[in-house]
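So you can see what is in the structure, the chains are spelled out below.
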Amino acid sequence: MSVLVTGGAGYIGSHMVLRLLDAGEDVVVLDDLSTGHEWAVPSGAELVVGDVGDADLAASVVESHGVSAVMHFAGSILVFESVADPLGYYLNNTVNTRTLVETALRCGVGQFVFSSTAAVYGSPGLEPIGEDAPLRPESPYGTSKLVSEWMLRDTAAANPQIRYAALRYFNVAGADPQLRSGQSSKVSTHLIKIAAEAASGKRPSMKMFGDDYPTPDGTCVRD
């Protein structure tokens, strides 16, 4: 049996592939390489280049590799981009996820891990944010991920054969301790990488958003 990692050529996905391989798992990666890198997929995993929204391709990968678990990291992640192109985000993050969930269910996959986002909480105004905080996404990006979570919840309730987990995170940072993978996106959007680039002189400055928060200088304490 093997694990299918979609988006395994990307930042978070490639780290998951490394951890799975280190644990002795057989891994197959499905990635269209639109934002990921072929070099980020370790030699121990097989890379299939393609779209997770292609149901026939996804089913072929699941069946030919005996996939027993899907870890879905493929998706669009830029908040500002989602505001400008909401339909594109609902297609890639919601419609394609639905196709992948249906494929997994049809092929008898019993476990599904979904890479979601803490953007499903919006701005709750409390620190730290608990999992039971109200779900109030403020962008098409956050909403597209939340709808996918709901699809998984309802699918699992109707089909006990499949179990799922949704991962919600803010500002993912860091690199593999053995330097096998790291944040290598063409355009830096993660706060900590931007701060590191500013500190190392790779960019002249970094922007802080907001000037009316109840903090000493008006900027967001989270940032």
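This text goes with the structure placed above it.
Residue positions are counted from 1 within each chain, in the order its sequence is given. Restriction of local features to residues with pLDDT of at least 70 applies here, the model being predicted, together with a cutoff of 80 or more for giving and counting side-chain atom pairs; totals for whole chains, interfaces and linings are based on all residues. For the side-chain quantities, the full set of heavy atoms in the structure was used; hydrogens and water were omitted.

K.L.:
Give me the environment of aspartate 176: which residues, what numbers.
P.N.:
We count a stretch as a helix when DSSP gives it H or I for four or more residues in a row; a strand needs E for two or more, and each element gets its number in order from the N terminus. Structurally, aspartate 176 is set in the loop between strand 6 (163-167) and helix 6 (191-199). Each residue gets one of three labels from its accessible area relative to the maximum for its type: buried under 20%, exposed over 50%, partly exposed in between, using a 1.4 Å probe on protein chains only. When its relative accessible area of 7% is taken as the criterion, aspartate 176 is described as buried. It is 6.8 Å that separates the C-alpha atoms of aspartate 176 and histidine 15, two residues lying 161 residues apart in sequence. For this analysis, residues touch if any pair of their heavy atoms sits within 4.5 Å. In contact with aspartate 176, not counting residues within four places along its chain, are His15, Leu18 and Ser181.

K.L.:
Let's hear about the packing of aromatic side chains: which residues, and what values?
P.N.:
In summary, the pairing rule links any two rings of Phe, Tyr or Trp, Trp by its six-membered ring, whose centres are within 6.5 Å, and it sorts them by plane angle into stacked for under 30 degrees, edge-to-face for over 60 and tilted for everything else. Scanning the model with the defined rule gives one aromatic pair in all. For the ring pair tyrosine 89 and tyrosine 141, a centre distance of 6.4 Å and an interplane angle of 90 degrees mean the geometry is edge-to-face. Of this pair, tyrosine 89 sits in helix 4 (residues 86-106) while tyrosine 141 sits in helix 5 (residues 140-158), placing them 52 residues apart in sequence. Each member of the pair, tyrosine 89 as well as tyrosine 141, is classed as buried.

K.L.:
Mind laying out the sheet that holds strand 6, listing which residues take part and the relevant values?
P.N.:
Working definition: the strands of a sheet are paired by backbone hydrogen bonds and lie parallel or antiparallel to each other. Spatially, 3-2-1-4-5-6 is the arrangement adopted by the six strands of the open sheet, whose pairing is parallel. Each of the sheet's edge strands pairs with one partner strand only, and the pair in question is strand 3 (46-49) and strand 6. Taken over all neighbouring pairs, the strand axes of this sheet differ in orientation by 20 degrees on average, direction set aside. Strands strand 5 (111-115) and strand 6 of the sheet are contacted by helix 5, whose axis makes an angle of about 165 degrees with strand 5. When DSSP finds two or more bridges between two strands, those strands count as paired. All axes are obtained by fitting lines to C-alpha atoms, using only the stretch in contact for helices, and the reported angles, taken between N-to-C directions, cover 0 to 180 degrees.

K.L.:
Kindly report on the pattern of salt bridges, identifying the contributing residues and their values.
P.N.:
Think of a salt bridge as a Lys or Arg side-chain nitrogen and an Asp or Glu carboxyl oxygen that are within 4 Å of each other. On inspection of all chains with the given rule, the structure shows six salt bridges. Glutamate 102 is the partner of arginine 98 in a salt bridge, and the nearest nitrogen-oxygen pair spans 3.2 Å. Here arginine 98 and its partner glutamate 102 are both found in helix 4, four residues apart, which amounts to about one turn of the helix. For glutamate 102, a relative accessible area of 39% gives the class partly exposed. In this structure, the salt-bridge partner of arginine 180 is aspartate 176, at a minimum N-O distance of 2.8 Å. Residue classification places arginine 180 among the partly exposed residues on the basis of a relative accessible area of 31%. Each of Asp22, Asp176 and Arg180 takes part in salt bridges that share partners, so that together they form one network.

K.L.:
Give me the nonpolar core: which residues, what numbers.
P.N.:
For our purposes a nonpolar core is just a set of buried Ala, Val, Leu, Ile, Met, Phe, Trp, Tyr and Cys residues, chained together by side-chain atoms within 4.5 Å. Leu4, Val28, Val67, Val70, Val109 and Phe112 are the most contacted members of the largest nonpolar core, which totals 20 residues. Put simply, the parts of the chain that give this core at least two residues each are strand 2 (26-31), helix 2 (55-64), strand 4 (67-72), helix 4, strand 5 and helix 5. In contact with phenylalanine 112, other than residues within four places in its own chain, are Val70, His72, Leu100, Val101, Ala104, Leu152, Ile162, Arg163, Tyr164 and Ala165. Of all hydrophobic cores here, the second largest spans 13 residues; its members include Val3, Val5, Val29 and Val41.

K.L.:
So what's going on with helix 2? Residues and values would help.
P.N.:
Taken together, the buried positions of helix 2 are occupied by Ala58, Ala59, Val61 and Val62. Seen from one end, helix 2 has its buried residues packed into an arc of 160 degrees, which puts them on one side. Turned more than 90 degrees away from the buried face of helix 2 sit Asp56, Glu63 and Ser64, all of them exposed. The elements touched by buried residues of helix 2 are strand 1 (2-6), strand 2, strand 3, strand 4 and helix 4. Measuring from the backbone nitrogen of aspartate 56 back to the side-chain oxygen at the start of helix 2 gives 3.3 Å, which picks out aspartate 54 as the cap. At the C-terminal side of helix 2, glycine 66 shows a positive phi close to 60 degrees. Summarising the geometry, the arc corresponds to the directions from the helix axis toward the C-beta atoms. In protein, a polar contact requires one atom able to donate a hydrogen and another able to accept it; more generally it is a pair of N or O atoms within 3.5 Å, and residues adjacent in sequence count only if both atoms are side-chain atoms.

K.L.:
Please provide a residue-by-residue account of the packing of helix 4 against helix 5, values included.
P.N.:
Direction vectors running N to C along helix 4 and helix 5 enclose 20 degrees, while the axes themselves pass 9 Å from each other. Put simply, helix 4 runs roughly parallel to helix 5. The interaxial crossing formed by helix 4 with helix 5 has right-handed handedness. Along its contact with helix 4, which presents Pro86, Tyr89, Tyr90, Asn93, Thr94, Thr97, Arg98, Val101 and Leu105, the element helix 5 presents Pro140, Tyr141, Thr143, Ser144, Lys145, Val147, Ser148, Met151, Leu152 and Thr155. Within the contact of helix 4 with helix 5, the residues separate by chemical class into 10 nonpolar, seven polar and two charged. By definition in this entry, angles of less than 35 degrees are roughly parallel, angles greater than 145 are roughly antiparallel, angles of 65 to 115 are roughly perpendicular, and the rest are oblique. Crossing handedness: left-handed means the near helix sits turned counterclockwise from the far one by under a right angle, and right-handed means the same turn made clockwise. Charged means Asp, Glu, Lys or Arg here, nonpolar means Ala, Val, Leu, Ile, Met, Phe, Trp, Tyr, Cys or Pro, and polar covers whatever is left, Gly included.

K.L.:
Describe unusual backbone geometry, and please don't skip the residues or the numbers.
P.N.:
Located in the positive-phi region is leucine 33, a residue other than glycine, with phi close to 60 degrees. Classification of leucine 33 by relative accessible area gives partly exposed; the value is 25%. Positive phi values are uncommon outside glycine, yet leucine 179 reaches one of about 60 degrees. Structurally, leucine 179 can be placed in the loop between strand 6 and helix 6.

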